[in-house]
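Each chain, letter by letter, is given below.
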Amino acid sequence: MGRYIINGGKRLFGTVNVHGSKNAALPILCACIVNSGINIIHNCPKITDVYNTCRLLEKAGCSVLWEESTVVVDSSKAHFIVLDGDEVSKMRSSVIFVGAFCGRFKRARVAKPGGCKIGKRPLDIHFDSLEKLGIDVIDNGDYIDCVCSEIVGTELNLRLPSVGATENIMLAAVSATGKTVIKNAAMEPEIQALADFLKCIGADIDFCSDGIITIEGVNEFKNSEYTIIPDRIEAGTFLAACAATKGEIFLKNAAPEHMKGILTIFDDMGGKIESHKDGIHCNFMNGVIYPQKIKTGAYPAFPTDMQPQIMAVLTLSVGESIIIESVFENRFGHVPELCKMGADISCFGRKAVINGVPYLEAAEVSASDLRAGAGLIIAALSCGGTSFVYGTEYIMRGYENIEKSLSALGADIRYEN
Ligand code: EPZ
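Every chain begins its residue count from 1, and numbering advances along the sequence as written. The model is predicted, so local features are restricted to residues of pLDDT at least 70 and side-chain atom pairs to those at 80 or more, both for listing and for counting; the totals for chains, interfaces and linings are taken over all residues. Only hydrogens and water are set aside; all other atoms, that is, all heavy atoms of the structure, feed into the side-chain values.

Visitor: What am I meant to see in unusual backbone geometry here?
Guide: The bulk of non-glycine residues show a negative phi, and the bulk of peptide bonds are trans. Following Tyr299, the chain continues to Pro300 via a peptide bond in cis, the omega torsion being 10°. Non-glycine residue Asn43 carries a positive phi angle of around 60°. Per the convention used, a helix needs a DSSP run of H or I reaching at least four residues, while a strand needs a run of E reaching at least two, with both numbered from the N terminus. The topology assignment puts Asn43 in the loop between strand S3 (38-42) and helix H2 (48-59). With a phi angle near 55°, Asn184 is a residue other than glycine that sits in the positive phi range.

Written out as structure tokens, the structure is:
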């Protein structure tokens, strides 16, 4: 158990590098099972969830070598394993190994991941879709078994544009017989990145921006070399830190084209936001944060993964803000912790009402999940005094050395084991 110790109240200044996207790296690493070959993946973030996914690849017989932020995965000797243990129980995204296993081994057995703090997070869309692709899905209590003699392409219309379900379907459908059409598919940049990677290994995918993904199954794949896209949520998190400390920063390697829903809000809040080809310039020196009405949603709406972070900023606005969390049913775990720091927030189901206060106060707070932790760090950076943020194991799942990145911008933050 560790903690971040933060002496806040300092404006952030300077340039910070944005790492590779966690939510692109995870499905792309799973996709390495599909091609039985060598996969050279650049710009991989060094975070717990990536290390966990690499451990599962190794358990399944892949060799995984790191060179700086490049991971070389050789899946030529990959074999079936039961997907269970810590890597699965602690990381829900491991369920997308199922689609890749069904494609490669025609079977998968996965331990049922529990719910988590942000919601029940059922998997019905994943398994209903795999069944429609000709895979027998058998619920054996603690495990779910998937078996098929052949995956047969079909037309799927998702009840919700689920990111994970879309990825699972893609990882199975690339090896199917015939064509699969996914309607109401998730359209996040990380899904586009997975489609790009799959095309790299020889898949035949047409990724349309109107929620339809078409996949013609193939039975030949090849080696790949691919660079992970920048993490739009890490970039947004640094923007929020800049806003909360009324600073001026440059996000190197950020991709503005993936962040329109986020940048609009930062612009409306009073920031001077300039998009460049090599990053984003953000200036909140004028110090005023204007209140916002935000509803999180599937891409390109404002992302749920930025909700705790933007809430931390809005606790300091000059009015009343409203946040509706429409994606997960229980993603306000950070609210009581922000209130400990003097924030004025009331929750009514999926709606949070935030009345801005002139400043927050340093406190000891605990993260309940990854992005809640990011929000608490942002709040701690905004106020003088020493704050302690616990629950660092959640934060390290999604941010590579966040204390190093923020220190590079002048923050006084350190990690203590
Ligand atoms: C992905 O989770 C991300 N994780 C999440 O990021 C992100 O919050 C989420 O997409 C939404 O954008 C990764 O990419 C590893 P969903 P996922 O399936 O795939 C319901 C972070 O902080 N649903 O799009 O689990 C579900 O309960 C993490 O980086 C079903 O009902 O999200 C939720 O309410 C947190 N049945 C909604 O859909 C299903 O079968 C969206 O879930 C699947 C999902």
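Now that the structure is up, let's keep going.
Visitor: I tried to follow the sheet that holds strand S14 (residues 248-252) on my own but got confused; where do I start?
Guide: In a beta sheet, neighbouring strands are held together by backbone hydrogen bonds and run either parallel or antiparallel to one another. A pair of strands is considered paired only if DSSP assigns at least 2 bridges between the two. An order of S2-S14-S16-S15 is seen for the 4 strands of this open sheet, with the pairing classed as mixed. A single partner strand is all that each edge strand has here, and the edge strands are strand S2 (13-17) and strand S15 (272-276). The mean inter-strand angle of the sheet, taken between neighbouring strand axes irrespective of direction, is 15°. Here S2 pairs with S14 via 5 bridges, running parallel. By the bridge assignment for S14, Phe13 is matched with Glu248. Only the contacting stretch of a helix is used when fitting its axis, a line to C-alpha atoms as for every element, and angles between N-to-C directions run 0 to 180 degrees.

Visitor: What is the right way to look at the site of the ligand in this model?
Guide: Taken together, 23 residues lie near the ligand, and Asp124, Ile125, Ser162, Asp305 and Val327 sit nearest. Under the rule applied, a polar contact is a pair of N or O atoms within 3.5 Å (in protein, one hydrogen donor and one hydrogen acceptor; residues adjacent in sequence only if both atoms are side-chain atoms). Ile125 is positioned such that a nitrogen or oxygen atom in its backbone is 2.7 Å from an oxygen atom of the ligand. Contact between the ligand and Arg331: an oxygen atom at 3.4 Å from a side-chain N or O atom of the residue. When isolated, the ligand has an accessible area of 830 Å², and the protein chains bury 86% of it. Among the elements of the structure, helix H1 (22-31), helix H5 (124-132), helix H6 (163-173) and helix H12 (370-382) are those that each provide at least two residues to the shell around the ligand. Charged residues are taken to be Asp, Glu, Lys and Arg, nonpolar residues to be Ala, Val, Leu, Ile, Met, Phe, Trp, Tyr, Cys and Pro, and polar residues to be all remaining types, Gly included. Each residue belonging to the shell around the ligand can be placed in one class, and the counts come to 10 nonpolar, 6 polar and 7 charged. One heavy atom suffices: a residue is near a molecule or strand as soon as one of its heavy atoms comes within 4 Å of it. Residue-level accessible areas treat just the shown protein chains as cover; the underlying method is Shrake-Rupley with a 1.4 Å probe.

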